[in-house]
Amino acid sequence: MAKSPKAPQPGNTDRRIDALLTLLAENATIVISGAKIAQGIGVSRQAVWRWIQVLRDLGVRVKGHPRTGYHIERIPDILMPQLLSHRLYGTPFARRIIHYFKANSTNTIAMQLGDQDEPHGTVVIAEEQTAGRGRAGRSWISEKSAGITCSILLRPPIVPAQAPLLTLVAGLAARDAAAEELDVVPDIRWPNDLLVKGKKFCGILTEMHAEPDRVHFAVVGIGMNVNQSKMPPAIADIATSLRIETGKTHSRIEILIRLLRHLDRYYNEFLEKGPSPILRRFSEVSSYFQGKHVRITTSTEMFTGITAGLEPSGVLRVLRDDGRGIEAVISGDVGDA
Ligand code: BTN
């Protein structure tokens, strides 16, 4: 007897689910025969209906037509690797995209993949995280299929001192991807919190393995609140989503494609031309770049001051209110004073 396909949890998504969804989505206007599906996803004709059933169990509406085949009733906003990689052609992110319906943390997985010599540009995506991590040991809440939770493995030829610039690069890419969805201009709070009307809708966690003179690899983890209709009460006064701000649902797949294309562009610009274009762009789009009265919280102290631009390494300069001059903030939380 043929073995029943299993739902793709807790591991990464079965490539046949990915192939089936992509095939149906790319032929959404026609009925596609069981034979074509079998050939397209590499299963026997007899097994096709079981794989269709697995898709239905995941909430995808597929209509069966007696004797002719199947067609997808509505293309779901699932961040499927094949759909993404077709649209990311020409970037390093098209080659290796790993999708999970449920994962602990895409950053944790991507860091493990970095250790296992996975290539530059590997993208890890989760529809849901059970142990999402934020900066400074905080957690990151991600409601199932509502936002974008992904991590990108990069192998940049840079020294660790330049790593803050990678964080800026990712923040700019996410900012540009989200800006097209909003009626108001999003802000970036150094280093890379994205804000709309003062509330955060996207955060970035950059982690790396490095020696003093060389970065082995870096993982840029991006969490963007997209289609959440409300935020958990504990963070509702400081956090928001694109949907809450616009009253509309947004295509996660389109935002992610744009984000990765912008990331490719900013990353290459950084490697080719150095920090100047990145710092210039940051100065254009962040109200926190200069002249903002802020409260800085680091692991050792808290102080207030006025922001005074960025160092060439991407570190924030703050003129302290207590008269102790300019402080270079390497890492810390920035809040309005
Ligand atoms: C922050 O603002 O504190 C950073 C939040 C980063 C969250 C993302 S979601 C995808 C990736 N996986 C994680 O566990 N964290 C990052």
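Please refer to the structure higher up on the page.
What comes next concerns the included structure. (Residues numbered from 1 in each chain as written. Predicted model: local features only at pLDDT ≥ 70, side-chain atom pairs only at ≥ 80, totals over all residues. Heavy atoms only, no water.)

## Side note on the nonpolar core
- If you look at the biggest cluster of nonpolar residues, it comprises 88 residues, and the most contacted ones within it are Leu-24, Ile-37, Leu-84, Ile-152, Phe-201 and Met-224.
- Those residues in contact with Ile-152 that sit more than four places away from it in its chain are Phe-93, Thr-122, Val-123, Ala-218, Val-219, Val-220, Ile-222, Leu-260 and Leu-263.
- With 12 residues, the next largest nonpolar core counts Ile-109, Ala-110, Met-111 and Phe-217 among its residues. (Core = buried A, V, L, I, M, F, W, Y, C linked by side-chain atoms within 4.5 Å. Buried < 20%, exposed > 50% of the residue type's maximum accessible area, 1.4 Å probe, protein only. Contact = heavy atoms within 4.5 Å.)

## Here we look at the site of the ligand
- The ligand sits among 20 residues. The nearest are Ser-105, Gln-129, Arg-133, Arg-135 and Lys-200.
- Note that an oxygen atom of the ligand is positioned 2.7 Å from one of the side-chain N or O atoms of Ser-105.
- At a separation of 2.9 Å, a nitrogen atom of the ligand approaches a polar side-chain atom of Gln-129.
- Computed on the free molecule, the ligand has an accessible area of 410 Å², of which 99% lies beneath the protein chains in the complex.
- Elements that contribute at least two residues to the shell around the ligand include exactly helix H5 (106-115), strand E5 (148-154), strand E8 (199-211) and strand E9 (214-224).
- Element by element, the count of residues in the shell around the ligand is highest for E8, at four residues.
- The class makeup of the residues in the shell around the ligand is five nonpolar, 11 polar and four charged. (Near = heavy atom within 4 Å. Polar contact = N/O pair within 3.5 Å; in protein donor to acceptor, adjacent residues only side chain to side chain. Areas by Shrake-Rupley, 256 points an atom, 1.4 Å probe, with all protein chains shown as cover. Helix = DSSP H or I, 4+ residues; strand = E, 2+ residues; numbered from the N terminus. Nonpolar A, V, L, I, M, F, W, Y, C, P; charged D, E, K, R; others polar.)

## Looking at the environment of Gly-59
- Relative to the assigned elements, Gly-59 resides in the loop between helix H3 (48-57) and strand E1 (62-65).
- When its relative accessible area of 56% is taken as the criterion, Gly-59 is described as exposed.
- Note: C-alpha distance between Gly-59 and Glu-211 (152 residues apart in sequence) is 46 Å.

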